[in-house]
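Structural overview for review
These are the residues of each chain, in order.
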Amino acid sequence: MRRREIIMLLGGAAVSSVSWPLAARAQQPAMPVIGFLGSESPDLWTSRLRAFRRGLSEAGYDEGRNLTIEFRWAEGQYDRLPALAADLVHRQVNVIAANSAAAVAAKGATTTIPIVFSTGADPVELGLVASLNRPGGNLTGVSNLNLELGPKRLELIRELVPAAAIIALLLNPTNPNAETLLRDYQSAARTLDLQLRVVHASTERDIDTAFATLIQMRAGALVIGADTFFISQSKRLAALTVRHAMPAIFQYREFPVAGGLMSYGGSLTDAHRLVGVYTGRILKGAKPADLPVQQSTKAELIINLNTARALRLEIPPALLARADEVIE
């Protein structure tokens, strides 16, 4: 073989050895993208996002290694959710993970991209799924019992303040679950033979007005309805309840941690771990219509003893014994 032919042959082999890995990399499938749509602020989601990522990891996915997550946050402003959902659809994400109100917006934005939700409401009543066992369509997710536990919060505050003649309920009228919340609390109040008065707030100024109304009506205790805006206002709500000597209970742990008296609700971290698991299964090929809505059955009672002392309340030993966490 001539010297020139040998050089050309070796040169061709070298080019082939370089181009083959490049071609192989070009043919590798793109890393899947999850669109995470939240109706709150990201600083309120630290523990829930950690649980969501843990669920993804259980399903074989880790952010940065074999998937990407695109976050969109409404900062407690529900009217921003449709545009944020549309943006994720335009981005052509593989799956959308969303909490209750955000899931409603996501459902309105797409009928093809799978959506995995977490909600404290009845997902059938919200119109998210056809049934719990057979969701149908492109949605499935986790129900975390929080609406079912609403009446229980009323029982707990009555147990703590049995002499309260009037118990107030704070609701956000812009929340899609507001009517369901009100109906369930009113039914529980009738069962317990309690006077329930409703006050509304959807802005910081509304909260101040609501507390002025509470004082005028001489409410003996307060139940804060489940709502993402109220979560973002946990410190403000906690401070106002202490300032006005108003025993109060909320759904979320953020409230007693911020100085509020008590919280009782389904475990949001457990629910979001399950959302992560389902999201991973869908990335592997499962269809939402074939995945029954899961029930997160873990509930947590958290009591802030320092606040109880500030309010001059004696926590009944039986109630204290049932607490999952006591803050001192």
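Up top is the structure.
Keep in mind that what you see is a predicted model, and the values were worked out from it rather than measured. (Residues numbered from 1 in each chain as written. Predicted model: local features only at pLDDT ≥ 70, side-chain atom pairs only at ≥ 80, totals over all residues. Heavy atoms only, no water.)

Right, let's talk about the overall build of the protein for a bit. Along the protein, the regular secondary structure elements total 13 helices and 13 strands. By the burial criterion, 52% of the 328 residues in the protein qualify as buried. For the protein, the proportion of contacts with a sequence separation of at least 24, taken over those separated by at least 6, is 71%. Accessible area for the protein stands at about 15700 Å²; split by element, carbon and sulfur atoms hold 52% of it. (Helix = DSSP H or I, 4+ residues; strand = E, 2+ residues; numbered from the N terminus. Buried < 20%, exposed > 50% of the residue type's maximum accessible area, 1.4 Å probe, protein only. Contact = heavy atoms within 4.5 Å. Areas by Shrake-Rupley, 256 points an atom, 1.4 Å probe, with all protein chains shown as cover.)

Within the structure shown, the criterion is met by nine aromatic pairs. Here the aromatic rings of F36 and W45 are separated by 5.3 Å at their centres, their planes lie at 85°, and the arrangement is edge-to-face. What makes F36 buried here is its relative accessible area of 2%. Aromatic pair F36 and W73: ring centres 5.8 Å apart, planes at 45°, arrangement tilted. In this pair, F36 sits in strand β1 (residues 33-38) while W73 sits in strand β2 (residues 68-73), placing the two residues 37 residues apart along the sequence. There is no split in this pair, since F36 and W73 are both buried. Ring-pair connections join several aromatic residues into one group, and the members of that group are F36, W45, F52, F71 and W73. Over the aromatic face of W45 sits the side chain of R48, whose NZ or CZ is 4.2 Å from the ring centroid. (Phe/Tyr/Trp six-rings, centres within 6.5 Å; stacked < 30°, edge-to-face > 60°. Lys NZ or Arg CZ within 6 Å of the ring centre and 35° of its normal.)

Taking 1.5 Å per residue, 14 residues should reach 20 Å; helix α7 (residues 204-217) reaches 20 Å between its end C-alpha atoms and fits that length. Considering only its buried residues, α7 is in contact with β6 (166-171), β7 (195-200), β8 (221-224), α8 (228-232) and α9 (234-243). One or two positions beyond α7, positive phi appears at R218, with a value near 60°. (Expected span 1.5 Å × (residues − 1).)

With their axes 8 Å apart at the nearest point, helix α5 (residues 150-160) and helix α6 (residues 178-192) run at an angle of 40° to one another. Judged by the angle between their axes, α5 and α6 are oblique. Note on packing geometry: the crossing formed by α5 with α6 is right-handed. Along the contact surface, α5 presents G150, P151, R153, L154, E155 and R158, while α6 presents D184, Y185, A188, A189 and L192. In the contact of α5 with α6, the residues fall into six nonpolar, one polar and four charged. (Axes fitted to C-alpha atoms, helices over the stretch in contact; angles between N-to-C directions. Parallel < 35°, antiparallel > 145°, perpendicular 65-115°, else oblique. Left-handed = near helix turned anticlockwise from the far one by under 90°. Nonpolar A, V, L, I, M, F, W, Y, C, P; charged D, E, K, R; others polar.)

Within a sheet, adjacent strands bond to each other through the backbone by hydrogen bonds, running parallel or antiparallel. A sheet is described by the order of its strands in space; here six strands give the open sequence β2-β1-β3-β4-β5-β11, paired in parallel fashion. Because the sheet does not close on itself, it has two edges, and the strands there are β2 and β11 (294-295). Pairing geometry for strand β5 (residues 139-143) and β11, over two bridges, is parallel. Opposite S143, over in β11, you have Q295 as the bridge partner. Relative to the sheet, helix α2 (residues 46-58) contacts β1, β2 and β3 (95-99), its axis offset from that of β2 by approximately 150°. Strand contacts of helix α4 (residues 100-109): β1, β3, β4 (115-119) and β5, with the helix running at about 140° to β3, the strand carrying the most contacts. (Pairing = 2+ DSSP bridges.)

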